[in-house]
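Geometric and topological summary
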Amino acid sequence: MNQMPMTSENVTTMPTKNTKITARDVQVYYGDTHAIKDVDVDIEDRTVTAFIGPSGCGKSTFLRCLNRMNDTIDICRVEGAIKIDNEDIYDKKVDPVQLRAKVGMVFQKPNPFPKSIYDNIAYGPRIHGLAKSKADLDEIVEKSLRRGAIWDEVKDRLHAPGTGLSGGQQQRLCIARAVATEPEVLLMDEPCSALDPIATDQVEDLIDELRSQYSVVIVTHSMQQAARVSQKTAFFHLGNLVEYGETDQIFTNPKDPRTESYISGRIG
Amino acid sequence: MTDVTNTPVPSGPEKSRGSSLYALDKRTKRRNAAEARFKAYGIAAVCVGLAFLVILLVSIVRNGIPAFTQTFVELPIYLNEEKLDPDGNRDPAAMSKVSTFGYNPLIEDALVQLMADNGIETDMDGPTLRKMLSSSVPAQVRDYTLANPDQVGETVTFRVLASSRVDGYMKGRVQREDLERDKNLDAAHLDIVDQLVDAGAVERTFNWAFITGADASESRPEQAGIGVSMIGSFFMMIVVLVLALPIGVAASIYLEEFAAKNRFTDLIEVNISNLAAVPSIVFGILGLAVFIQFGGLPQSAPLVGGLVLTLMTLPTIIISTRASLKAVPPSIRDAALGVGASKTQAVFHHVLPLAMPGILTGTIIGLAQALGETAPLLLIGMVGYIATNYPEGIVDGFLAPNSAMPAQIYEWAKRADPAYYERAWGGIIVLLLFLMTMNIIAIILRRRFERRW
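What counts and what doesn't
- Residues numbered from 1 in each chain as written.
- Chains lettered and ligands numbered in written order.
- Predicted model: local features only at pLDDT ≥ 70, side-chain atom pairs only at ≥ 80, totals over all residues.
- Heavy atoms only, no water.
- Phe/Tyr/Trp six-rings, centres within 6.5 Å; stacked < 30°, edge-to-face > 60°.
- Helix = DSSP H or I, 4+ residues; strand = E, 2+ residues; numbered from the N terminus.
- Buried < 20%, exposed > 50% of the residue type's maximum accessible area, 1.4 Å probe, protein only.
- Expected span 1.5 Å × (residues − 1).
- Contact = heavy atoms within 4.5 Å.
- Domains from an automatic or database assignment.
- Buried area = accessible area lost by both parts, 1.4 Å probe.
- Axes fitted to C-alpha atoms, helices over the stretch in contact; angles between N-to-C directions.
- Parallel < 35°, antiparallel > 145°, perpendicular 65-115°, else oblique.
- Left-handed = near helix turned anticlockwise from the far one by under 90°.
- Nonpolar A, V, L, I, M, F, W, Y, C, P; charged D, E, K, R; others polar.

As for the packing of aromatic side chains
A complete count under the given rule lists 14 aromatic pairs over all chains for this structure. A centroid spacing of 5.6 Å and a plane angle of 40 degrees characterise the contact between Phe-51 of chain A and Phe-62 of chain A, whose relative ring orientation is tilted. On the criterion of sequence distance, the pair formed by Phe-51 of chain A in strand β3 (residues 48-52) and Phe-62 of chain A in helix α2 (residues 59-65) is long-range, its members being 11 residues apart. Comparing Phe-51 of chain A with Phe-62 of chain A, the two get one shared label, buried. Each residue in the set Phe-68, Phe-206, Trp-208, Phe-210, Trp-412 and Tyr-420 of chain B is aromatic and connected to the rest through ring pairs, giving one cluster.

Here it is, written out as structure tokens:
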């Protein structure tokens, strides 16, 4: 862990002004398997942070810790402290439902509800009571679809089923659905792995735009994608956070030999 | 070019290494033969299945259809005032003192008159002629007379049931030689029947009473109907639906979506699967012990029958519901949880609607199974009980002793008279129609709830 740019002490005493998420000494166990080991990381607000690493290195697991999606897995156990805006999200007082409204998530495979495009977007605001009237809701739907960069493609068929869209459109719909609940952090678990290059390009542009309002954390298999969209990159290997820093620095001048081997294609 | 010709590649089509794509090698031939053989087995199996189905349906229809028609006699009866109301003041109390036996002479006179009117010569007297009619006729005439006292002294034409032997003759089941040792009817009667058919006084028509009526005593198959036991089955199905569907679906949702996976839930799971395989008669004796002996509920009541069948149906519903919940892609749950839905919201807003077609199919299959079940009813007294009246109202429908369709069919099949054998087949047709209706409802509901994703 001595490659870490900051030690845990100086962060806890003096958190950086725009740090959104701080994780300290995070351990995750799946039954007897120790999947995440001693991860310390600070994720900044209004920044795209990429998690890279070979398959099974724990990057998705760690991502899912950030909105407690791992709670749904019985054998999964999380230790350590993860704070968003200095509030421990694993505190007993925290209801994961409220947390997930604040920390939106986009999944690997586009997973729109088998409902209309409108209902896909409106579902979150409805259950959180964000809209007082039908007009409010219409406005939220339009705003979210615009933010998802898909409004122009679907504005004439809002009541067509969301599952009838193409893969790339579905993924942007899912992003629009995630931003509809006004989250502060957006987690993306390999959002482009099921998409073709053109759709990937669209989603990447979208991620870059989303940076102005959200703290975006993206897990990706593609190092080019991490280089293209992120400002910060974290490299995971065998459950350890090996290196975390500015994306440029990670890709041009990695400090850890393992990072260097991975980005040059020797391991992974 | 010369360089190219030097290479070992020949200019013509290449003779590849010893094998041509046109000639099948041994392995391929064997594999194809195995495939063809397997297809043939499959087709044979399907054909055997279809053949049995056709045999079954043909024999059910052929044996059962006659039960839906019945032979009736148009009989003008003079309601003799001297016999029915000697005082002449139409006092219902006095008139009801005349028992059904008191009506026999009137019917006998009417039969003799019928012979004379149609020019049929016979040396049979009234009582002998009356053998052609069902023994339900006096009661029918008496009921009519008590309901319409002003008709006394008039001649009223009744449409009365012929006896089951005459009915059997009309349906080709009874031949003259069959009657040689039969005390109920003589061959001479059949001659009369032939003449009455020619005269139009006897005819075989569709018999609604078979579908709507109640069971009758052993000696009057012509009067028996399946209607009352159909009502019993109907009330039982309501109990099963109202109890088994919510309990089963709630249990499956809890087990599938909420319960922790530990040894205890594993045990429950194994036991549910085992319960589905428990012989239904075991549920019957459980029902007898729990609901009737311990719970004090009335015997033979559709409520108890429904409770027992609920126990029997629950495992089927739970297993199919859990299977359809499992079939909903986990990505839908993730999506719902990801936008901040609670677990309950995720299940009820997204998972359950997608699982609905499967749940409905399972439920209807469970109900259909319960509808055709006889064994558990044996033990709670719903077999062999002959309900002769319709239940009076809904509460009575649940609590008054009744039978059920399969129990009624079993009862008829047990009886000696061949006329009842025919009614058992007819009852099976009604039961199958019931089941078919339920399956069609299941298919329609399935279509309606089915969604693509």
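Back to the write-up after that little detour.
Side note on helix α2 (residues 26-64) of chain B
Over its 39 residues, α2 of chain B extends 56 Å from the first C-alpha to the last, a length consistent with the 57 Å expected when each residue adds 1.5 Å. Within the sequence span of α2 of chain B, burial applies to Thr-28, Ile-60 and Gly-64 of chain B.

What about the environment of Leu-210 of chain A?
All names here are of chain A. Among the structural elements, Leu-210 can be located in helix α8 (residues 197-210). Along the backbone, Leu-210 and Lys-37 are 173 residues apart, and their C-alpha atoms lie at a distance of 30 Å. Each residue touching Leu-210, except ones within four places of it in the same chain, is listed here: Arg-147, Ile-175, Val-179, Leu-186, Met-188 and Val-216.

Re the domain arrangement of chain B
All names here are of chain B. Domain annotation of chain B identifies domain 1 (67-206) and domain 2 (227-449). Between the C-alpha centres of domain 1 and domain 2 there is a distance of 46 Å. In this complex, domain 1 contributes eight residues to the contact, which on the side of domain 2 involves eight residues. The largest share of the area that domain 1 buries against domain 2 comes from Ala-67, Phe-68 and Arg-173, three residues that together contribute 71% of it.

Topic: the packing of helix α4 (residues 117-128) of chain A against helix α5 (residues 134-147) of chain A
When two helices pack together, you describe them by how their axes are tilted relative to each other and by the distance separating the axes. All names here are of chain A. It is at 9 Å that the axes of α4 and α5 come closest, and there the two elements cross at 110 degrees. Here α4 is positioned roughly perpendicular relative to α5, judged by the angle of their axes. Here α4 and α5 pass one another in a crossing that is right-handed. Across the interface between the two elements, Ile-117, Tyr-118, Ile-121, Ala-122, Pro-125 and Arg-126 of α4 pack against Lys-134, Leu-137, Asp-138, Ile-140, Val-141, Ser-144 and Leu-145 of α5. Across the contact of α4 with α5, the residue classes tally to nine nonpolar, one polar and three charged.

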